Amino acid sequence: MSASKLQESGEVRIAHTLHTKEDEFVFERRKTVFQSLQELKIYCSEDAVPNIALLGSGGGQRAMVGLLGSLVQLDKAGLLDCILYLSGVSGSTWCMASLYQEPDWSTKLETVKDQIIRRISGPRVSWEDALAKLKKYYYEKDHFSLTDVWAVMVVTEYVKEIDEGKLSDQWDQHNKDPFPIYTVIDKQCKQCKDEEGTEDPWFEISPHEAGYSLTGAFVETSSFGSQFVNGSKKKPQDEMDMLYLQALCGSVLADGDKNKEFLWQKIKDFFKDLYPKWLRMSEEMREEPKDPSAEKGYQVLMDLVDMNLAVLNGKDPSDLDQSIRNTLNELSGGKSQLIFPIEKLNLKDKEAAVRYMNEHTEDVCKNLSHRFSSWPFDVLESIQECMVQWIWGRKYDFLQNMNDEALPSTLLESEMRDYEDAGLLLNSPYFPVLRKERNTDLIISLDFSEGDPFMTVREAAEMCKKRKIPFPEVNIPSEDVKKPKDFYVFKGTNTPTVIHIPLFNVVNCGDIETLRNKYRTLQVPYSAEMITDLMEVAGKNISNNREKLLEQIGAAVRQKGHN
């Protein structure tokens, strides 16, 4: 069965080939690239047109703004139409999502850029709209997770909108733009310690299909999240919207316990706002009369959040625990029975204390759900349960129970998979564009990372070596680590050429550390002035290196012509 027929029938596609529609797009896009090369006085046959991929690393709003500034300058330099693929991780996908809202955005980038800057430097999403979106996420799908919470509580603070568009609906409006690839990772695959390095955590999402880049297992994007058994769709779920996709790609906190305090505090702030506003909204809509016990249930949930925060900070939560037990006892008429006594909490053993709180939190939520099981208590209880289980990006495993020897057994045995920010493994989307069938000749890596500006390209080289994927050797002069330049080229035999461009460098900014501290990954949204300044810094990396970029594109043409 052909790829397109497989997709139309809602079945899983197992193949190391491109989706038929991507193949068709590449054929047409290469004509655009050919024309662009002619205008740049780089002459070649159509067969010698190189496949060029532009990569945007993670880095939160810094990456979002940095990628936008870089694209604007690529457009001004006449190089944007040379790009076949545009792929992003984490914050770079926020920029991509904003761009692809606009049909054929690359033909009017100056206008689109102004619209984006106006929005992200403007007012935040209203509290009422955010709450309505959270309610929709909770009730309209089988798997609710912290990614839904992250989308509503955090991502909207930076992108300043709730984008309910669907990726699969966009594509017929983007005939003149690069092909977009959003990148996440499979958490279980990342955790799998495969000594041979054959695990495939790399998961790509394009307008046509979503799946494992190296394994070659895909499902149509509109069906990603639906339940499949043995390759056939059994239980449809709505396609994720673009806000959720941005949260999935940008779930930078999804890895490790060190981030729990930050998110508990966000949840506390949200809970604190929610109840009084929900009461007011209910009264205005003349819904059912106020339940006097509801305030007590709400107080239990607030105390439980505070108790988790106290334990994470090594503080004695006995008063909070007693308040929870007294209130539950009062609500149940003396019948409340919590399983875990406070005496079992040992604050001197932090891991044991966290385990206790996880079990205690689930116990309290279960107890409370017997009395309060409707909105908004159901979602507040679910958020706390997701916190203690640390569930992010949960979806049905579309490869469940498939019988295919080409697939790793770990992908066939689970009912669900969890997906998270690819930057937690590698902060740049190399692996989707390194698929053999994409025939990438030149990679332009824009690195917006907060730390070591060479970590991603070095780690990509190491990972490729382990997996026997062609990639050039990466050698960085030791003196450049703290004082990076603005343009590096890595070449190899029978490998793509990799151009690596660190955001902050000795060429485009005087004091690198000052700018790094000014533009942190997790901080309040940038002001309009900060956005404009950062776009200028990122843009200089392109405008200052236009001739070098042309030189490497020309070299890729000559190399392809000789093969």
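- Under an unreviewed UniProt entry, the name given to the protein is PLA2c domain-containing protein, and the source organism is Cyprinus carpio.

## With respect to the overall build of the protein
Piece 1. Helices and strands together make up the secondary structure of the protein, namely 20 helices and 14 strands.
Piece 2. Scaling as 2.2 N^0.38, a compact globule of 563 residues should have a C-alpha radius of gyration of about 24 Å, and the protein matches this with 25 Å.
Piece 3. Projected onto its principal axes, the C-alpha coordinates of the protein cover approximately 85 × 55 × 50 Å.
Piece 4. Taking all 563 residues of the protein together, the buried fraction comes to 60%.
Piece 5. Taking contacts inside the protein between residues at least 6 apart in sequence as the whole, the part at least 24 apart equals 74%.
Piece 6. Entry remark: accessible area of the protein is about 23800 Å², with carbon and sulfur atoms responsible for 47%.

## Digging into helix 15 (residues 377-389)
Piece 1. Between its first and last C-alpha atoms helix 15 spans 18 Å; for 13 residues at 1.5 Å apiece the expected length is 18 Å, and the two agree.
Piece 2. Along helix 15, 11 of the 13 residues are buried, which leaves the element largely enclosed by surrounding structure.
Piece 3. Every buried residue of helix 15 is listed here: Phe-377, Asp-378, Val-379, Leu-380, Glu-381, Ser-382, Ile-383, Gln-384, Cys-386, Met-387 and Val-388.

## Remarks on the environment of Leu-134
Piece 1. By the secondary structure assignment, Leu-134 is in helix 6 (residues 127-139).
Piece 2. Assessed through its relative accessible area of 1%, Leu-134 is described here as buried.
Piece 3. Along the primary structure Leu-134 and Met-153 are separated by 19 residues, whereas in three dimensions their C-alpha atoms are 9.0 Å apart.
Piece 4. Other than its neighbours up to four places away in sequence, Leu-134 contacts Phe-144, Asp-148, Val-149, Val-152, Phe-270, Val-379 and Ile-383.

## Examining the side chain of Glu-209
Piece 1. Structurally, Glu-209 is set in strand 6 (residues 209-212).
Piece 2. When its relative accessible area of 2% is taken as the criterion, Glu-209 is described as buried.
Piece 3. In terms of polar contacts, Glu-209 uses its side chain to reach the side chain of Arg-13, at 2.6 Å.

## Details of the packing of helix 6 against helix 15
Piece 1. Where helix 6 contacts helix 15, the axes come no closer than 11 Å and their chain directions differ by 75 degrees. Between helix 6 and helix 15, the crossing angle belongs to the class labelled roughly perpendicular. In this structure, helix 6 contributes Leu-134, Tyr-138 and Tyr-139 to the contact, and helix 15 contributes Asp-378, Val-379, Ser-382 and Ile-383.
Piece 2. The residue makeup of the contact of helix 6 with helix 15, split by class, is 5 nonpolar, 1 polar and 1 charged.

## Notes on a nonpolar patch on the surface
Piece 1. Residues Val-252, Phe-262 and Leu-522 make up a contiguous nonpolar surface patch of about 210 Å² in total accessible area.
Piece 2. Take Leu-522: it is sitting in the loop between helix 18 (512-518) and helix 19 (528-543).
Piece 3. Look at Leu-522 and you get partly exposed, because its relative accessible area is 39%.

## Things to note about the nonpolar core
Piece 1. In terms of nonpolar packing, the biggest core is built from 186 residues, with Leu-71, Leu-99, Tyr-182, Ile-205, Leu-399, Tyr-430 and Phe-471 touching the most fellow members.
Piece 2. The element contributing the most residues to this core is helix 12 (residues 294-312), with 11 residues.
Piece 3. Apart from the residues lying within four places of it in its own chain, the contact partners of Leu-71 are Leu-54, Leu-80, Leu-86, Cys-95, Leu-99, Trp-105 and Leu-109.

## Brief notes about the packing of aromatic side chains
Piece 1. Using the criterion set out here, one finds 27 aromatic pairs in the structure.
Piece 2. Note on Tyr-138 and Phe-144: the rings are 5.1 Å apart at their centroids and 85 degrees apart in plane angle, and the pair reads as edge-to-face.
Piece 3. Ring centres of Tyr-430 and Phe-471 lie 5.5 Å apart, and the angle between their planes is 80 degrees; on these two criteria the pair is classed as edge-to-face. With a gap of 41 residues between them, Tyr-430 in helix 16 (residues 430-433) and Phe-471 in the loop between helix 17 (455-467) and strand 13 (488-490) connect regions that are remote in the sequence. One exposure class covers both Tyr-430 and Phe-471, and it is buried.
Piece 4. Here a set of aromatic residues connected by ring pairs shows up, and it is made of Phe-203, Tyr-212, Phe-224, Phe-398 and Tyr-419.
Piece 5. When the ring centre of Phe-372 is taken as reference, the NZ or CZ atom of Arg-371 above it lies at 5.0 Å.
Piece 6. The side chain of Lys-395 reaches across the aromatic face of Phe-224, ending 5.6 Å from its centre.

## Things to note about the pairing of strand 5 (residues 202-205)
Piece 1. Here strand 5 shows two buried faces, one formed by Trp-202 and Glu-204 and the other by Phe-203 and Ile-205.
Piece 2. With 4 bridges joining them, strand 4 (residues 179-186) and strand 5 adopt antiparallel strand pairing. In the strand pairing of strand 5, Tyr-182 is matched with Ile-205.
Piece 3. Bridging between strand 5 and strand 6 involves 3 bridges; their strand directions are antiparallel.

## Considerations on the confidence of the model for the protein
Piece 1. Overall, the prediction assigns the protein a mean pLDDT of 91, with 94% of residues at 70 or greater.
Piece 2. Throughout residues 1-9 the model reports pLDDT below 50, and contacts reaching past four residues in sequence, or to other chains, amount to 14 contacts.

## Let's talk about the state of the cysteines
Piece 1. The full count for this structure, using the stated rule, is 0 disulfides.
Piece 2. The thiol of Cys-44 is not disulfide-bonded; the next cysteine sulfur, from Cys-82, is found 9.9 Å away.
Piece 3. Owing to a relative accessible area of 15%, Cys-44 belongs among the buried residues under this scheme.
Piece 4. With no disulfide partner, Cys-509 has as its closest neighbouring cysteine sulfur the one in Cys-95, 20 Å distant.
Piece 5. Assessed through its relative accessible area of 7%, Cys-509 is described here as buried.

## Quick word on the pattern of salt bridges
Piece 1. Using the criterion set out here, one finds 31 salt bridges in the structure.
Piece 2. Among the ionic pairs, Glu-513 bridges to Arg-516, the shortest N-O distance being 3.0 Å. You can see Glu-513 and its partner Arg-516 sitting in helix 18, 3 residues apart, about one turn around the helix.
Piece 3. When the shortest N-O distance is used, the salt bridge between Arg-546 and Glu-547 registers 3.4 Å.

## Some thoughts on unusual backbone geometry
Piece 1. Omega for the bond connecting Trp-375 with Pro-376 falls within 30 degrees of zero, at 0 degrees, which places this linkage in the cis form.
Piece 2. Mapped onto the secondary structure, Pro-376 falls in the loop between helix 14 (350-369) and helix 15.
Piece 3. Residues other than glycine seldom take positive phi values, yet Asn-401 does so here, at roughly 65 degrees.
Piece 4. Within the secondary structure, Asn-401 sits in the loop between strand 10 (394-396) and strand 11 (416-421).
Piece 5. Residue classification places Asn-401 among the partly exposed residues on the basis of a relative accessible area of 45%.

Cut-offs applied
Residues numbered from 1 in each chain as written. Predicted model: local features only at pLDDT ≥ 70, side-chain atom pairs only at ≥ 80, totals over all residues. Heavy atoms only, no water. Helix = DSSP H or I, 4+ residues; strand = E, 2+ residues; numbered from the N terminus. Rg over C-alpha atoms; globule rule 2.2 N^0.38 Å. Buried < 20%, exposed > 50% of the residue type's maximum accessible area, 1.4 Å probe, protein only. Contact = heavy atoms within 4.5 Å. Areas by Shrake-Rupley, 256 points an atom, 1.4 Å probe, with all protein chains shown as cover. Expected span 1.5 Å × (residues − 1). Polar contact = N/O pair within 3.5 Å; in protein donor to acceptor, adjacent residues only side chain to side chain. Axes fitted to C-alpha atoms, helices over the stretch in contact; angles between N-to-C directions. Parallel < 35°, antiparallel > 145°, perpendicular 65-115°, else oblique. Nonpolar A, V, L, I, M, F, W, Y, C, P; charged D, E, K, R; others polar. Patch = residues over 30% accessible without salt bridge, like charges linked within 9 Å, V, L, I, M, F, W, Y side chains within 5 Å. Salt bridge = Lys/Arg side-chain N within 4 Å of Asp/Glu carboxyl O. Core = buried A, V, L, I, M, F, W, Y, C linked by side-chain atoms within 4.5 Å. Phe/Tyr/Trp six-rings, centres within 6.5 Å; stacked < 30°, edge-to-face > 60°. Lys NZ or Arg CZ within 6 Å of the ring centre and 35° of its normal. Pairing = 2+ DSSP bridges. pLDDT = per-residue confidence, 0-100. Disulfide = S-S within 2.5 Å.

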